[in-house]
Amino acid sequence: MRILLVEDDLPLAEALQQSLQREGFVVNHVDCGQLALASLATPDHDMVILDLGLPDLDGTEVLKTLRTKKIQLPVVILTARDSIESKVQGLDLGADDYLAKPFEMPELLARLRVIERRLGTASSAIIEIAKRNVIPDHIKS
Ligand code: CA
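Every value quoted in this text rests on a predicted model; they were computed, and no experiment measured them.

Looking now at the coordination of the calcium ion. For a metal with four donors in a tetrahedral arrangement, the ideal angle between donors is 109.5 degrees, while six donors in an octahedron ideally sit at 90 or 180 degrees. Coordination of the calcium ion by the protein comes from Asp 8 (OD), Asp 51 (OD) and Gly 53 (O), over a distance range of 2.2 to 2.4 Å. Counting along the primary sequence, the residues that act as donors to the calcium ion give the motif D-x42-D-x1-G. Here Asp 8 is found in the loop between β1 (2-6) and α1 (10-22), whereas its partner Gly 53 is found in the loop between β3 (47-50) and α3 (59-68), with 45 residues between them in sequence.

Have a look at this one:
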């Protein structure tokens, strides 16, 4: 599972990166919105952890742009903005989950595992369909 971590708080990014790697995730880190969009222009990641307070673009703009471009990558917002309005806005813009800082690492990891399970189910379903379509009839029987 490859994660793009978008976070401009470098000590936090480093701590997150270490914890995520210990869990077996491959992590790429960027520290601003433009770099996030550039990294997400190619399908190199399976999910995104997105901070909202970024130095250039707001994280909500990054999310909006992704969804406008029909990039349906799971996005988990991880931000200091903890108001209900901000949570509702983030989820309505297409985030899959929203966790406010300060957060506990076990909770973040558990939420990422939820997304991972969902992705796993979806991709094995696609593989099943693909198999059924490519195997010639004489081999199937
Ligand atoms: Ca920030």
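All right, on to the sheet that holds strand β4 (residues 75-79) then. Taking strand neighbours across the sheet as the criterion, the 5 strands line up as β2-β1-β3-β4-β5 in an open arrangement whose pairing is parallel. Strands at the two margins of the open sheet, each flanked by one partner only, are β2 (26-30) and β5 (97-100). Going across the sheet, the axis of each strand differs from the next one's by a mean of 20 degrees, ignoring polarity. Relative to β4, β3 runs parallel, the two being bridged by 3 bridges. By the bridge assignment, Leu 50 is partnered in β4 with Ile 77. Along the sheet, helix α2 (residues 33-40) makes contact with β1, β2 and β3, crossing β1 at roughly 160 degrees. Packed onto the sheet, helix α4 (residues 84-92) meets β4 and β5 and runs at close to 150 degrees relative to β5.

Rules behind the numbers
Residues numbered from 1 in each chain as written. Predicted model: local features only at pLDDT ≥ 70, side-chain atom pairs only at ≥ 80, totals over all residues. Heavy atoms only, no water. Donors = N, O, S within 2.8 Å, 3.2 Å for Na, K, Ca; no water. Helix = DSSP H or I, 4+ residues; strand = E, 2+ residues; numbered from the N terminus. Pairing = 2+ DSSP bridges. Axes fitted to C-alpha atoms, helices over the stretch in contact; angles between N-to-C directions. Contact = heavy atoms within 4.5 Å.

All we've got here are geometric facts, nothing functional implied.
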